[in-house]
Amino acid sequence: MPRKPSISPSKITTYLACPVKYRYTYIDDRARWLLRAKSYYSFGTTLHRVLQRFHDSGDAGVTTTSEVLAAYEESWIDAGFSSAEEMAEAYGEGKQILERHVAATLERPEAAKTLFVERQLRYDFGDFVLIGRLDRVDEYDDGTLEVVDYKSGRESVSTEDISADIAMSCYQLLLHKKYPDQPVRARILALRSAESATYAMSDSELEEFERDIAQLARMILSENFYERKAVRKPMCDYCDFLPACRQDPDF
């Protein structure tokens with residue numbers, strides 16, 4: 001039996017930003033060699049790995065500041081940095097972020113328990129599957145489930161940011177489908193500043209989003225991407241696939 005196609009928040013946001021980039025990223029691998037390591041991706045991935053271990057109740061070896069920093073050193077990814085100086089600066093900033101996060105976590109009262117970390121959830125729409133990987137889900141005493149998403153590149157975040165974020169809406173929908181009897185909300189944590197904000201979609205918002213995401217997913221999956229022409233956008237200057245698009249005489 002053929003495997004059902006899948007749609008994820010990253011696929012959706014890539015498609016909405018540029019269908020040609022979607023083709024090069026997920027369908028046509030001839031341009032994959034153009035992809036380059038990014039320092040911000042290495043930095044964010046490192047922090048995510050360490051925070052995953054710190055909040056994982058099954059990982060007994062990373063519970064104190066010293067253990068977290070040891071895990072940080074072990075997990076450090078050095079790809080994409082333009083110089084040793086740039087990497088050293090990023091490493092120092094990451095260390096400060098983790099020290100602050102651990103101190104704040106250990107000092108606060110236990111208002112919630114971590115249900116799971118870095119877990120992929122799936123929901124079958126029939127002709128496709130919606131998938132999403134959640135950084136962390138906490139469960140509060142009143143039964144509320146909160147999906148926590150770490151943002152390593154952000155200084156600030158607002159409720160409006162979360163309500164407009166496709167990924168956070170997908171995560172809430174997936175969590176609601178898995179735990180239909182419990183209230184669900186989403187939190188974005190801006191790691192650089194430790195600022196955070198939350199937003200909970202109403203039942204009507206979840207229903208409307210489910211309809212919209214199903215319609216959009218089916219549009220993506222039925223698209224003939226090879227008929228799509230590259231359209232010049234401001235984001236093109238920062239896209240790894242720019243050399244491939246420049247081969248089109250109409251670009």
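Residues numbered from 1 in each chain as written. Predicted model: local features only at pLDDT ≥ 70, side-chain atom pairs only at ≥ 80, totals over all residues. Heavy atoms only, no water.

(A) Representation of the packing of aromatic side chains within the structure. Under the definition given, this model contains 12 aromatic pairs. For the pair Tyr72 and Trp76, a centre-to-centre distance of 5.6 Å together with 80° between the ring planes defines the contact as edge-to-face. Neither Tyr72 nor Trp76 differs from the other in exposure class; each is buried. Summarising the aromatic geometry, the rings of Tyr123 and Phe125 are spaced 5.1 Å apart at their centres and angled 85° between planes, so their arrangement reads as edge-to-face. Judged by its relative accessible area of 15%, Phe125 is buried. Here a set of aromatic residues connected by ring pairs shows up, and it is made of Phe43, Tyr72, Trp76, Phe81 and Tyr91. Cation over ring: Arg185 sits above Tyr140, and NZ or CZ is 4.6 Å from the ring centre. (Phe/Tyr/Trp six-rings, centres within 6.5 Å; stacked < 30°, edge-to-face > 60°. Buried < 20%, exposed > 50% of the residue type's maximum accessible area, 1.4 Å probe, protein only. Lys NZ or Arg CZ within 6 Å of the ring centre and 35° of its normal.)

(B) Main features of the environment of Pro243. Along the chain, Pro243 falls in helix H9 (residues 242-245). When the C-alpha positions of Pro243 and Ala31 are compared, they lie 9.1 Å apart, and in sequence the two are 212 residues distant. (Helix = DSSP H or I, 4+ residues; strand = E, 2+ residues; numbered from the N terminus.)

(C) Spotlight on the side chain of Glu139. Structurally, the position occupied by Glu139 is in strand S3 (residues 129-140). Of note is the side chain of Glu139, whose polar atom sits 3.0 Å from the side chain of Gln182. What Glu139 contacts, discounting residues up to four positions off in sequence, is Ala112, Lys113, Leu115, Thr144, Leu145 and Gln182. (Polar contact = N/O pair within 3.5 Å; in protein donor to acceptor, adjacent residues only side chain to side chain. Contact = heavy atoms within 4.5 Å.)

(D) Geometry of unusual backbone geometry. With phi around 45°, Glu118 is a residue other than glycine that occupies positive phi space. Mapped onto the elements of the fold, Glu118 is located in strand S2 (residues 112-124). Of note in the backbone geometry, Ala194 takes a positive phi value of approximately 65° without being a glycine. Among the structural elements, Ala194 can be located in the loop between strand S5 (184-190) and strand S6 (195-199).

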